[in-house]
Amino acid sequence: MKIAVIWFTLSALCSAENAALEAKLQDGLRARQNGSIEKALTEFREAVALDPGSASARMLLGSALLETGKIAAAVRELDRAVKLAPDSAQAHFQLAVAQQRSGDQFAAVAQLRRAAELDSSNDEYAYQLGRAYLQLSEWSVDRIKAVDPKSARLYQVLGESYGAQGKTDLAIEAFTKAAAAAPQLSGTHLALAMIYAQSGRNDEALREIDREIELAPESAAALAFKRQLSQSK
Amino acid sequence: MRVVAVLLTLSLCLRAQTAVGLAEAALDRAAFPEAIRIAETALRHEPGNAAAHVLLARASMGQNQPAKAFAVLRVALQLDPRNLDALYYLHRLTSVLAQQEFARLYAMAPDSARVHQLMAESLHEQNDAAGEEREYLAALERNPKSVVILNAMGDLKRHQSKLEEARGFYARAEAVDHASFDALYGLGACAIFMQDNERAIGYLTGALHAEPESIAAKLALGDALLRAKQNQRAEEVLRGLVKSDPAAKQGWVLYAKALRLLGRKEEADRAFARYRALSRGETDEK
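What you see is a predicted model, and the numbers here were worked out from it, not measured in a lab.

**Points about the overall build of chain B**
Secondary structure assignment for chain B yields 15 helices and zero strands. In terms of overall size, chain B is more extended than a compact globule, its C-alpha atoms giving a radius of gyration of 27 Å where 286 residues would be expected to give roughly 19 Å. Taken along the three principal axes of its C-alpha coordinates, chain B extends 75 × 55 × 35 Å. Among the 286 residues that make up chain B, the fraction classed as buried is 41%. Looking at chain B alone, contacts between residues at least 24 apart form 40% of all its contacts between residues at least 6 apart.

In structure tokens:
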């Protein structure tokens, strides 16, 4: 998000602040627009010194710090901006961007969720929140791979992914490996049963659902699926 | 005294284990409120129990409380960063939440640049290059200065070997954001293919400045430097590459080439040996 855009969003917040502060912020913005990021940083720092309680000054300083790669300092400033203006969706959004750059995806999701709650009609916040969730999802899979590349959990992820893409044979192979890697893990045979049933292989589906029920005799999902299978037979 | 302490710890552990078992059974029965109650009770006795946190998160997911599930999984991973169950359920939860958020975006702004971009990305996954291009162009119509979309179009054209078109998109992205890694890398890669090595070196140096740890940029820059016969600088870049990623097979080949061109035969032989060992490893794995 460009600094100028933030400025327009914040103009309302600024209106009540003193003229000297506003002049500093304007100078900083002009410097930024002319490509003098260091001068912009100086102006924004002076603005913060003039009024440490100005959320807009801290937000502009944080964004400029982020642009110059000073991520930790940007997170600090933007965190202060959020505390000063907790109802500013833009402040939460900017903090999320800085937290993402610092690698703190969990914290970024929390801030993006707050921004999306505060401004639920903003399509960019919805997009960025969806993206952040997706990144965490991918990160989780990468971590599973790193911790144990032959774990049942990884094979389950693969099986689910192949299943969603309609790649039945690959999904069956992955779930079979999951069952072999962790024979006591419930859920795997249920997934296999569902895939077999979808491809019309009801006998194999029944075999798998019985295995699932052996592992989890009270499983509501497995018992319901077995009833469904038995009725369709 | 010590015996009492050990027995007490053992009893607490057993109690937590039993609670985890009970919560799991409740989850099986889809009795989510009961599972939540058991897991929360267990956590009051043993707040550091990652398994109980995972069960609480699963029960919260069952109760359609995604925010709570997310927060609880975060704690589970703080307690045990290698907990495979926590990672697995985090993957499942965030996949669903991402889809929900994108569905909300679609409902809110069905013809927005972001929605067309998402559709393009989805078509890319399905190897539908024509559909992908159509959607990216629709996205660009709505947001002509989107660096992400311009770079994506550049990548699409580059992979189709339409280098002039690719260069055009990357150049537009670079004009909007001079520090865009993807734009600079894309321009550099196009320049290598067009045998414009000097220009490639300039762009790839910029890309490396934007992302100093990028293996791809180091590899491409090393390649461009070798083509431009700047062997000394190529050796420096490629040495940095194999140091930061010792498994970079292609990096070892180019590094060996640079060393050989500098007349450092023994070091070149050792680098080739590393390349061959890595290749053998890959073959063995297959």
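So, next bit.
**Let's talk about the overall build of chain A**
A count of helical and extended segments in chain A gives 13 helices and zero strands. When the elements of chain A are put in sequence order from the N terminus, they spell out α-α-α-α-α-α-α-α-α-α-α-α-α. A compact globule built from 233 residues should have a C-alpha radius of gyration of about 17 Å, whereas chain A, at 26 Å, is more than 25% larger. Across its three principal axes, chain A shows a C-alpha extent of roughly 80 × 35 × 25 Å. Per-residue burial over chain A gives 42% buried out of 233 residues.

**Thoughts on the environment of B:Tyr185**
Residue and element names in this part refer to chain B. Along the chain, Tyr185 turns up in helix H10 (residues 181-193). Considered as a pair, Tyr185 and Gln65 are 120 residues apart in the sequence and their alpha carbons are 43 Å apart. Not counting residues within four places of it along the chain, the set of residues in contact with Tyr185 comprises Leu204, Ala207, Ala216 and Ala217.

**Things to note about the confidence of the model for chain A**
Mean pLDDT over chain A works out to 91, with 92% of the residues at or above the 70 mark. By mean pLDDT, helix H1 (residues 3-14) of chain A is the weakest element of chain A at 52, and helix H5 (residues 71-84) of chain A is the strongest at 97.

**So, the nonpolar core**
Nonpolar side chains tend to gather and get buried jointly when the protein is soluble and globular. Counting residues in each nonpolar core, the largest one holds 95 residues, and the members touching the most others are A:Leu112, B:Ala39, B:Leu55 and B:Leu73. In terms of residue count, the dominant contributor to this core is helix H5 (residues 84-108) of chain B (ten residues). What B:Leu55 contacts, discounting residues up to four positions off in sequence, is B:Val20, B:Ala23, B:Glu24, B:Leu27, B:Ala35 and B:Ala39. Formed by 47 residues, the second largest nonpolar core is a distinct cluster that contains B:Tyr136, B:Ala207, B:Leu226 and B:Ala271.

**Quick notes on the packing of helix H3 (residues 37-50) of chain A against helix H4 (residues 55-67) of chain A**
Residues and elements named next belong to chain A. Between H3 and H4, whose axes approach to 9 Å, the crossing angle comes to 150 degrees. In terms of orientation, H3 lies roughly antiparallel with respect to H4. The two elements H3 and H4 cross, and the hand of that crossing is left-handed. Residues Ile37, Ala40, Leu41, Phe44, Arg45, Ala47 and Val48 of H3 lie in contact with H4, whose contacting residues are Ala57, Arg58, Leu60, Leu61, Ala64 and Glu67.

**With respect to the interface of chain B and chain A**
Across the contact, 23 residues belong to chain B and 26 residues belong to chain A. Sorting elements by how many residues they give to the side of chain B that touches chain A places H5(B) first, with 14 residues. Here the residues of the side of chain B that touches chain A are counted per class, giving twelve nonpolar, four polar and seven charged.

**A short note on the environment of B:Glu101**
Position of B:Glu101 relative to the elements: it lies in helix H5. What B:Glu101 contacts, discounting residues up to four positions off in sequence, is A:Ala126, A:Leu129, A:Gly130 and A:Tyr133.

**Quick word on H4(A)**
Residues and elements named next belong to chain A. Over its 13 residues, H4 extends 18 Å from the first C-alpha to the last, a length consistent with the 18 Å expected when each residue adds 1.5 Å. Across the 13 residues that make up H4, a large majority, twelve, are buried. Within H4, burial applies to Ala55, Ser56, Ala57, Arg58, Met59, Leu60, Leu61, Gly62, Ser63, Ala64, Leu65 and Leu66. Downstream of H4 by one or two residues, Gly69 has phi in the positive range, about 80 degrees.

**Re unusual backbone geometry**
Residue and element names in this part refer to chain B. Its identity as a non-glycine residue notwithstanding, Ser161 has a phi of 65 degrees, on the positive side. Relative to the helices and strands, Ser161 is located in the loop between helix H8 (147-159) and helix H9 (163-176). The backbone of Gln195 sits at a positive phi, close to 60 degrees, despite the residue not being glycine. One can find Gln195 in the loop between H10 and helix H11 (197-210).

**Looking at the packing of H4(A) against helix H6 (residues 89-101) of chain A**
Residues and elements named next belong to chain A. Packing of H4 against H6 leaves a shortest axis separation of 11 Å and a crossing angle of 25 degrees. The orientation of H4 relative to H6 falls into the category roughly parallel. The way H4 lies across H6 gives a crossing that is left-handed. Of the residues in H6, those touching H4 at Ala55, Met59, Gly62, Ser63 and Leu66 are Ala91, Gln94, Val97, Ala98 and Arg101.

**Points about H5(A)**
One turn of the α-helix equals 3.6 residues, which is why residues spaced by three or four share an orientation. All names here are of chain A. Compared with an ideal rise of 1.5 Å per residue, which puts 14 residues at 20 Å, H5 spans 20 Å between its outermost C-alpha atoms and is within 8% of the ideal. Buried residues of H5: Ala74, Val75, Glu77, Leu78, Arg80, Ala81 and Val82, and no others. On its buried face, H5 sits against H4 and H6.

**Some words on the environment of A:Phe225**
All names here are of chain A. Assignment of secondary structure puts Phe225 in helix H13 (residues 220-232). In sequence terms Phe225 and Leu192 are 33 residues apart; their C-alpha atoms lie 12 Å from each other. Those residues in contact with Phe225 that lie beyond four places of it in its chain are Leu190, Ala193, Met194 and Ile209.

What counts, and where the lines are drawn
- Residues numbered from 1 in each chain as written.
- Chains lettered and ligands numbered in written order.
- Predicted model: local features only at pLDDT ≥ 70, side-chain atom pairs only at ≥ 80, totals over all residues.
- Helix = DSSP H or I, 4+ residues; strand = E, 2+ residues; numbered from the N terminus.
- Rg over C-alpha atoms; globule rule 2.2 N^0.38 Å.
- Buried ≥ 20, exposed ≤ 12 C-beta atoms within 10 Å, placed from the backbone.
- Contact = placed C-beta atoms within 7 Å.
- pLDDT = per-residue confidence, 0-100.
- Core = buried A, V, L, I, M, F, W, Y, C linked by C-beta atoms within 7 Å.
- Axes fitted to C-alpha atoms, helices over the stretch in contact; angles between N-to-C directions.
- Parallel < 35°, antiparallel > 145°, perpendicular 65-115°, else oblique.
- Left-handed = near helix turned anticlockwise from the far one by under 90°.
- Nonpolar A, V, L, I, M, F, W, Y, C, P; charged D, E, K, R; others polar.
- Expected span 1.5 Å × (residues − 1).

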